[in-house]
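Report on the structure
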Amino acid sequence: MDAWALLIAATLNAGTLVALAALGLLINERAGVVNLGAEGMMLVAAIAGFAAAVHSGSDLVGFLAGIGAGALMALVFGALAVYLNTNQYATGLALSLFGAGFSAFVGQNYVQAKLGPRPTFAVPGLADIPFIGPALFKQHPLVYGAIALTALLAWGLTRTRAGLVLRAVGESPESAHALGYPVRRIRLLAVVAGGALCGLAGAYCSVIYTPLWVEGMIAGKGWIALALTSFATWRPARVLLGAYLFGGVTMLQFHLQGQGVQVASQFLSMLPYLATIVVLVLISRNEGFIRANMPASLGRPFHPGG
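For the structure given in this document, a descriptive report is provided here. This is a predicted model, so every value here is computed, not measured.

Rules behind the numbers
- Residues numbered from 1 in each chain as written.
- Predicted model: local features only at pLDDT ≥ 70, side-chain atom pairs only at ≥ 80, totals over all residues.
- Heavy atoms only, no water.
- Helix = DSSP H or I, 4+ residues; strand = E, 2+ residues; numbered from the N terminus.
- Rg over C-alpha atoms; globule rule 2.2 N^0.38 Å.
- Buried < 20%, exposed > 50% of the residue type's maximum accessible area, 1.4 Å probe, protein only.
- Contact = heavy atoms within 4.5 Å.
- Areas by Shrake-Rupley, 256 points an atom, 1.4 Å probe, with all protein chains shown as cover.
- Lys, Arg positive; Asp, Glu negative; His and termini not counted.
- Charge placed at Lys NZ, Arg CZ, Asp CG, Glu CD.
- Salt bridge = Lys/Arg side-chain N within 4 Å of Asp/Glu carboxyl O.
- Patch = residues over 30% accessible without salt bridge, like charges linked within 9 Å, V, L, I, M, F, W, Y side chains within 5 Å.
- Phe/Tyr/Trp six-rings, centres within 6.5 Å; stacked < 30°, edge-to-face > 60°.
- Axes fitted to C-alpha atoms, helices over the stretch in contact; angles between N-to-C directions.
- Parallel < 35°, antiparallel > 145°, perpendicular 65-115°, else oblique.
- Nonpolar A, V, L, I, M, F, W, Y, C, P; charged D, E, K, R; others polar.
- Left-handed = near helix turned anticlockwise from the far one by under 90°.

Turning our attention to the overall build of the protein. A tally of helices and strands in the protein yields 13 helices and zero strands. Listing the helices and strands of the protein from first to last along the sequence gives α-α-α-α-α-α-α-α-α-α-α-α-α. For 306 residues, the compact-globule estimate of 2.2 N^0.38 gives 19 Å, and the C-alpha radius of gyration of the protein, at 20 Å, lies within 12% of that figure. Taken over the C-alpha atoms alone, the protein extends approximately 60 × 45 × 40 Å along its principal axes. When burial is assessed residue by residue, the protein has 51% of its 306 residues classed as buried. Look at the contacts in the protein between residues 6 or more apart in sequence, and 80% of them connect residues 24 or more apart. Summed over its atoms, the accessible surface of the protein is roughly 14,100 Å², and 69% of this surface lies on carbon and sulfur atoms. The average position of the 16 basic charges and that of the 9 acidic charges among the side chains of the protein differ by 9 Å.

Structure representation (structure tokens):
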């Protein structure tokens, strides 16, 4: 029973990392912008957050540094893709490659660095409940923050003026421009907000999830986050569900190894990515459903002159 509680707790922890990045990318795509640079942004944010936490001794400073690094990289992407109308896909790929190389170069001096003692968290009164307490109520506050952010984003996109304007910019930027909305500015703000969340995810990875720095430590999670937006048909609640699915499959490999299941480690390691591919293939079979939910101007540059 304790092993299953630990598996659930680890699933929430692993899922939060992907959920934060995927929610940021969802904001981008709701505004009609595709940013393939999530992997690079998360890597740069991971080393920025880890270095800041090492030198300051504060996890909060590390999170702020990660958010700043992610937002700065997203700002560069936005300036190129939104204002200069460069190809969004090529610009995002370039950002991802740059982030991988830059983080590896900067992180050379931090490979052996260590953070101080890791804090423990527990929800008073609930953490002591058998099974449920260890599974659900001994998590880092960002785990609960990701759930709250999902609910806030789901409400904001459908119930607030700002959310409706964001969706209008993604669905029909020409119409939004005709109504007087600054389409490019809104898209840039959405890109920066998405980059900040990717940065928070990267810092969470290096400061909390695996409190160390290793080159390439994001290990494809940025691409998984990008895939989750399509898996979730651009809906925040489904993004969170998909993130937990990925987290569960990721942690299942360690659970099976701990139980002595004789399966090749290489197969277990590829399970999370295999599960993601299978889910995307199944969803993509219904092309009409995808088109009905996908922002109409996704990936298309905006030209104010028509």
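So, next bit.
Another aspect to go through is the environment of Gly194. Relative to the assigned elements, Gly194 resides in helix α9 (residues 183-209). Not counting chain neighbours up to four residues away, the residues in contact with Gly194 comprise Gly24 and Asn28.

Mapping Gln88 onto the fold places it in helix α4 (residues 88-106). For Gln88, a relative accessible area of 4% corresponds to the buried category. With residues near it in sequence (within four places) discarded, Gln88 still touches Gly32, Val33, Val34, Phe77, Ala81, Gly299, Arg300 and Pro301.

Okay, the pattern of salt bridges next. Going through the model one piece at a time under the given rule, you end up with two salt bridges. Between Asp59 and Arg118 there is a salt bridge, with the nearest N and O atoms lying 3.0 Å from each other. Of this pair, Asp59 sits in helix α3 (residues 59-83) while Arg118 sits in the loop between α4 and α5 (132-136), and the two are 59 residues apart along the sequence. Residue class for Asp59 comes out buried when judged on its relative accessible area of 15%. On the accessibility criterion, Arg118 (32% relative accessible area) is partly exposed. Across the pair Glu174 and Arg300 runs a salt bridge whose closest N-O atoms are separated by 3.1 Å. With a gap of 126 residues between them, Glu174 in helix α8 (residues 173-178) and Arg300 in the segment after α13 (287-293) connect regions that are remote in the sequence.

Here we come to a nonpolar patch on the surface. Taken together, the side chains of Val263, Phe267, Met270, Leu274, Val278 and Leu282 present a nonpolar region at the surface, about 480 Å² in accessible area. If you trace the backbone, Phe267 turns up in helix α12 (residues 265-284).

Our next topic: the packing of aromatic side chains. A full pass over the atoms with the stated rule returns one aromatic pair. Centroid distance Phe98 to Phe102: 5.4 Å. Interplanar angle 15 degrees. Geometry classified as stacked. One end of the pair, Phe98, and the other, Phe102, are both in helix α4, four residues apart, so they sit about a helical turn from each other. When its relative accessible area of 48% is taken as the criterion, Phe98 is described as partly exposed.

Turning our eyes to something else, we now look at the packing of helix α6 (residues 141-159) against helix α7 (residues 161-171). Close contact between α6 and α7 brings their axes to 5 Å; oriented N to C, the two are set at 75 degrees. What the angle tells us is that α6 and α7 run roughly perpendicular. Judged by residue contacts, Gly156, Leu157, Thr158 and Arg159 of α6 engage Arg161, Gly163, Leu164, Leu166 and Arg167 from α7. Split by residue class, the contact of α6 with α7 holds three nonpolar, three polar and three charged.

A separate point is the packing of helix α1 (residues 2-30) against α6. As a packed pair, α1 and α6 sit with axes 9 Å apart at the nearest point and diverge in direction by 25 degrees. Taken as axis vectors, α1 and α6 run roughly parallel relative to one another. For the pair α1 and α6, the crossing hand works out as left-handed. The residues of α6 that touch α1, namely those facing Leu12, Asn13, Thr16, Leu20, Leu23, Leu26, Ile27 and Arg30, are Leu142, Val143, Ala146, Leu149, Thr150, Leu153 and Leu157. Classifying every residue of the contact of α1 with α6 gives 11 nonpolar, three polar and one charged.

Next up on the list: the environment of Gly195. Looking at the element boundaries, Gly195 is found in helix α9. Sequence separation of Gly195 and Ala71 is 124 residues, and the distance between their C-alpha atoms is 4.6 Å.

A negative phi angle is the norm for most residues apart from glycine, just as the trans form is the norm for most peptide bonds. A positive phi is found at Ala219, a non-glycine position, where the angle reads about 55 degrees. Relative to the elements of secondary structure, Ala219 occurs in the loop between α9 and α10 (221-231). Classification of Ala219 by relative accessible area gives partly exposed; the value is 38%. Despite not being glycine, Trp234 has its phi angle at roughly 60 degrees, a positive value. Along the chain, the position of Trp234 falls in the loop between α10 and α11 (236-258).

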